[in-house]
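So you can see what is in the structure, the chains are spelled out below.
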Amino acid sequence: MNLQVDFLLDSERRSGSTVSRKFVVRLAAVVIPVILLGLFAALVTTYQASKNDLGLVEQEKKQIDPEHKKVVNLEKELKGARDLKAAIQGWSDSRIDAYRLLRGLQRAAPPNIQLTQWVFSEKTELVGGVFGRTAGIYMKGKVAGERPEADVQRLYQALKSEPPFPDIMAEVAVKRFAASEGLAEPGGRVFDIECILKPRLLVLPVSPAAKPK
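Predicted, not measured: the structure shown is a model, and the values here were computed from it.

1. A look at the pairing of strand β1 (residues 113-127)
Alright, step 1. In the sheet, β1 pairs with strand β2 (residues 130-143) via 14 bridges, with the strands oriented antiparallel. Residue K123 lies in a different strand from β2, and its bridge partner there is T134.
Alright, step 2. Count of turn residues in the β1/β2 antiparallel hairpin: two residues, of which G128 carries a positive phi of about 65°.

Given below as structure tokens:
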């Protein structure tokens, strides 16, 4: 004889049947709205917090705006002052040292040469996209002695190679060398020399690497 003893209480017994579809639908009808409601509440909370933060930011912006405008205006004034200083400095730096130039010419001219006319012309114009000074020197003279042509050639070479002329001159040319009946000295000659000076920029051009981005 086989005996079977059941130790489960009635309250502990569970049904072995599958979950009904009706129960699942009811559960979903309760759980899904709860989840959606939670998400909505989270979104509302986030929105309110963002709105409060935006209000604080706008208040700070209103407080900062006047100071920011002052800073911008001061930067504009500073830039204007720097530009003016650069322009004034450019005019100073581009100035020809006339004393140095004339002293060099005095040293370069042979004793037999006498300058009868010396014209310096200068203008301000665009040089490579930047304003600068361009200038030229036109001189006339007469030369006497045994070797007048050699003396003029000596002056020409000095204007091309002796200080301070290489730093100043871009081109030097003897435009005329001829006899003149008006000279009292026998064998005397007259000459014209034209010099083109190197451009002197008023403001240095800005390199691409130095331009603000």
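Read on, since the account is not over.
2. Side note on the pairing of strand β4 (residues 189-197)
Alright, step 1. As judged from the eight bridges shared by β2 and β4, these two strands associate in the antiparallel manner. Across the sheet, the residue bridging to G136 is I196, located in β4.
Alright, step 2. With nine bridges joining them, strand β3 (residues 169-179) and β4 adopt antiparallel strand pairing. Directly across from M169, in β4, lies its bridge partner L197.

3. Structural notes on a nonpolar patch on the surface
Alright, step 1. Taken together, the side chains of L27, V30, V31, I32, V34, I35, L36 and L39 define a hydrophobic patch exposed on the protein surface, amounting to about 730 Å² of accessible area.
Alright, step 2. Positionally, V30 belongs in helix α1 (residues 21-93).

4. A look at the packing of aromatic side chains
Between two aromatic rings, the relevant description is the distance of the centres plus the angle of the planes.
Alright, step 1. Scanning the entire structure with this criterion turns up one aromatic pair.
Alright, step 2. Geometrically, the ring pair formed by W118 and F120 is stacked, given 6.4 Å between the ring centres and 10° between the ring planes.
Alright, step 3. What makes F120 partly exposed here is its relative accessible area of 33%.

5. Quick word on the layout of surface pockets
Alright, step 1. In this model, the largest pocket occupies a volume close to 160 Å³.
Alright, step 2. What lines the largest pocket is D93, S94, R95, I96, D97, R100, D167, I168, R200 and L201.
Alright, step 3. At the level of elements, α4 (165-168) and β5 (200-201) are the ones that each hand at least two residues to the lining of the largest pocket.
Alright, step 4. Tallied by class, the residues present in the lining of the largest pocket amount to three nonpolar, one polar and six charged.

6. What about helix α2 (residues 98-108)?
Alright, step 1. Regarding α2, the residues found buried are L101, G104, L105 and A108. In a view along the axis of α2, the buried residues occupy a sector of 100°, so they form one face of it. What points out from α2, more than 90 degrees from its buried face, is the exposed set Y99, Q106 and R107.

Rules used throughout
- Residues numbered from 1 in each chain as written.
- Predicted model: local features only at pLDDT ≥ 70, side-chain atom pairs only at ≥ 80, totals over all residues.
- Heavy atoms only, no water.
- Pairing = 2+ DSSP bridges.
- Helix = DSSP H or I, 4+ residues; strand = E, 2+ residues; numbered from the N terminus.
- Patch = residues over 30% accessible without salt bridge, like charges linked within 9 Å, V, L, I, M, F, W, Y side chains within 5 Å.
- Areas by Shrake-Rupley, 256 points an atom, 1.4 Å probe, with all protein chains shown as cover.
- Salt bridge = Lys/Arg side-chain N within 4 Å of Asp/Glu carboxyl O.
- Phe/Tyr/Trp six-rings, centres within 6.5 Å; stacked < 30°, edge-to-face > 60°.
- Buried < 20%, exposed > 50% of the residue type's maximum accessible area, 1.4 Å probe, protein only.
- 1 Å grid on protein atoms, 1.4 Å probe; cavity = no way out; pocket = protein on both sides within 12 Å on 5 of 7 lines; lining within 4 Å.
- Points joined across faces, edges and corners; volume = space filled by probe spheres on them.
- Nonpolar A, V, L, I, M, F, W, Y, C, P; charged D, E, K, R; others polar.
- Arc of directions from axis to C-beta.

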